[in-house]
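Here's the letter readout for the chains.
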Amino acid sequence: MNTILIKGGTVIDPVNGTEKKEDILIRDGVIAERKDSIKGKADRVIDAKGLTVTPGIVDMHVHFRDPGQTYKEDIFTGAQAAAHGGVTSVLAMPNTKPVMDEPDRISYVVNKGKSSAINVYQVLAITKGMKGETMTDIAGAVKAGARAISEDGKSVMNTKLLREAMKEAKKAGVPVCSHCEDLSLVDGGVMNEDENAVRLGLPGINNASEDVIIARDMILAKDTGCHLHLCHCSTAGSADLIRAGRAMGVDVSAETCPHYLILTSDDIPDDNGNFKMNPPLRTPADRDAIRKAVADDTIDILVTDHAPHARMEKAGGFRTAPFGIVGIETSVALLYTEMVRTGDITLMQMIRKMTVNPAKVMGIPAGTLEVGAPADVSIFDFENKYVIDPANFLSKGINTPFAGREVYGKTMYTICGGEVVWEENA
């Protein structure tokens, strides 16, 4: 019998909305007891005095590049990086090589994930090869373990095909995760269409490219009754559209990432590929609207869109660098520093948006510290101030625009399935 006793920490329980000092006893991989004080012996006692105890973070938008691009990341290194960031469950996007478009490829990730440090779940591509032409076997892939469908990295531009896929997702009981981007409006753009694109002499991506697809996909979701999850929202219009969609009865959830809450195109110093992401960094007005949408719970989930790339790939500047930044090791600290310490949201809101809310959308047994739940637990020191240094990342990717930024919030312990998978200073 394997037991861990966590003593004296401030426990954030997003399910019940409580924040108080409690002890937690973990036995054989599950939460066995939670009380003001637990006495008795355990195989291991963790002194959490002065620390904050939360459910393990659930990041429902990551790219682990496995199979096909494991020089950028693989399931094992991605899982180690996740544990370093307090993350115990992830949802991996399907734009691997080959694309995650068949049940046996889903099984590959599910089986490999079982040997990793954390819980790794996989998304199925909506169309074969992500070419937007032929729908994948959604029912078969869900049986193999797929937890959602998505064409992440692009939108399915064939509206009829997407509608049929939404019907199948509804039958299978999985969400449709929508990367909202009208490809015809992107037209080769590499950053936001504004004065900074002019300054850098780069082609821009306008807000309409995101907003048009959000509107279309919500109309289709209402029509089909599927659960629509909007990925990495970045525009002021997206927040307005989500509010309107909910008012019309659309079953919709929405996520954003730390970079859209903190940075804008004004922060891009030069032609630096580490600031290139999709959607792009928008204007201060967009950023402020997204911050407000997180604060008022219009946006109910916070993710990373962790997208590692090789150093040389990012070295060429905006025109040649691939889209995407890493974030799984820095998200908790960035959000705590830039959203909680500033008073924009409460710590409870932040934890809820990073645990129980994404777990519900994914349909996984995570995001809770209830007795009987899987023992996925993270312990943070939110008074620990440090500077983000990519040299300390466990991910293969170091492509971050946040290098050198001072933050609060260090992951002290990450426990997944009752096993300590990360320990600071171990």
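Only a predicted model underlies this, so the values are computations on that prediction, with no experimental measurement involved. (Residues numbered from 1 in each chain as written. Predicted model: local features only at pLDDT ≥ 70, side-chain atom pairs only at ≥ 80, totals over all residues. Heavy atoms only, no water.)

**Digging into unusual backbone geometry**
Backbone torsion omega between K97 and P98 reads 5 degrees, so that peptide bond is classified as cis. Assignment of secondary structure puts P98 in the loop between strand 7 (87–92) and helix 2 (103–113). N278 connects to P279 through a cis peptide bond whose omega is 0 degrees. Among the structural elements, P279 can be located in the loop between helix 9 (258–262) and helix 10 (284–295). Not every positive phi belongs to a glycine, and R65 is a case in point at roughly 65 degrees. Relative to the elements of secondary structure, R65 occurs in the loop between strand 6 (57–62) and helix 1 (75–84). Using a relative accessible area of 8% as the deciding quantity, one classes R65 as buried. Its identity is not glycine, yet D297 carries a phi of approximately 70 degrees, on the positive side. Relative to the helices and strands, D297 resides in the loop between helix 10 and strand 15 (301–302). (Helix = DSSP H or I, 4+ residues; strand = E, 2+ residues; numbered from the N terminus. Buried < 20%, exposed > 50% of the residue type's maximum accessible area, 1.4 Å probe, protein only.)

**Structural notes on the confidence of the model for the protein chain**
When pLDDT is averaged across the protein chain, the result is 97; 100% of the residues are at 70 or more. Looking at the elements of the protein chain, mean pLDDT is at its lowest for helix 5 (residues 183–186), recorded as 94, and at its highest for strand 15, recorded as 99. (pLDDT = per-residue confidence, 0-100.)

**Brief notes about the nonpolar core**
Among the nonpolar cores identified, the biggest contains 108 residues, and V90, I149, L230 and M350 are the most heavily contacted of them. With seven residues, the single largest contributor to this core is helix 12 (residues 331–340). Non-local contacts of L230, meaning those with residues more than four positions away in its chain, are made with S178, C180, I214, I242, V252, S253, A254 and E255. Among the nonpolar cores identified, the runner-up in size contains 17 residues, and I31, L51, A375 and V377 belong to it. (Core = buried A, V, L, I, M, F, W, Y, C linked by side-chain atoms within 4.5 Å. Contact = heavy atoms within 4.5 Å.)

**Some words on the packing of aromatic side chains**
Throughout the structure, instances matching the rule amount to two aromatic pairs. Here the aromatic rings of Y336 and F382 are separated by 4.2 Å at their centres, their planes lie at 25 degrees, and the arrangement is stacked. Here F382 lies in strand 16 (residues 377–387) and Y336 lies in helix 12, a separation of 46 residues in the sequence. Accessibility classification places Y336 together with F382 in one group, the buried group. Clustering of aromatic rings is evident, with ring pairs tying together Y336, F380 and F382. Looking at K410, its charged tip hangs above the ring of Y386, at a distance of 4.6 Å from the centre. (Phe/Tyr/Trp six-rings, centres within 6.5 Å; stacked < 30°, edge-to-face > 60°. Lys NZ or Arg CZ within 6 Å of the ring centre and 35° of its normal.)

**What about the state of the cysteines?**
If you walk through the whole model with that rule in mind, you get zero disulfides. No disulfide involves C231; its sulfur sits 5.0 Å from the nearest other cysteine sulfur, which is in C177. (Disulfide = S-S within 2.5 Å.)

**A closer look at the sheet that holds strand 13 (residues 228–230)**
With parallel pairing, the eight strands of this open sheet are ordered in space as 6-7-8-9-10-13-14-15. Two strands lie at the open edges of the sheet, namely strand 6 and strand 15, each paired on one side alone. (Pairing = 2+ DSSP bridges.)

**Topic: the side chain of K72**
Tracing the backbone shows K72 in the loop between strand 6 and helix 1. Apart from residues lying up to four places away in sequence, K72 is in contact with R65, P308, H309, A310, E313, K396 and G397.

**Examining helix 10**
A rise of 1.5 Å per residue sets the reference length of helix 10, with its 12 residues, at 16 Å; its end C-alpha atoms lie 16 Å apart and thus fit the reference within 8%. For helix 10, the secondary structure elements touched by its buried residues are helix 8 (236–247), strand 14 (252–256), helix 9, strand 15, helix 12 and helix 13 (347–354). Looking one or two residues past helix 10, D297 carries a phi angle of roughly 70 degrees, positive in sign. (Expected span 1.5 Å × (residues − 1).)

**A word on the pairing of strand 2 (residues 18–27)**
Taken residue by residue, a regular strand's side chains alternate between the two faces of the sheet. With nine bridges connecting them, strand 1 (residues 3–13) and strand 2 associate as antiparallel partners. Its bridge partner lying in strand 2, I4 is registered against I26. In sequence, strand 1 turns back onto strand 2 through a hairpin of four residues, with G17 there showing a positive phi of about 70 degrees. Bridge count between strand 2 and strand 3 (residues 30–35): five bridges; the pairing is antiparallel. Along strand 3, the bridge assignment pairs I26 with I31.

**Examining helix 13**
Counting buried positions along helix 13 gives seven out of eight residues, so the element sits mostly inside the fold. By the burial criterion, the buried members of helix 13 are L347, M348, Q349, M350, I351, K353 and M354.

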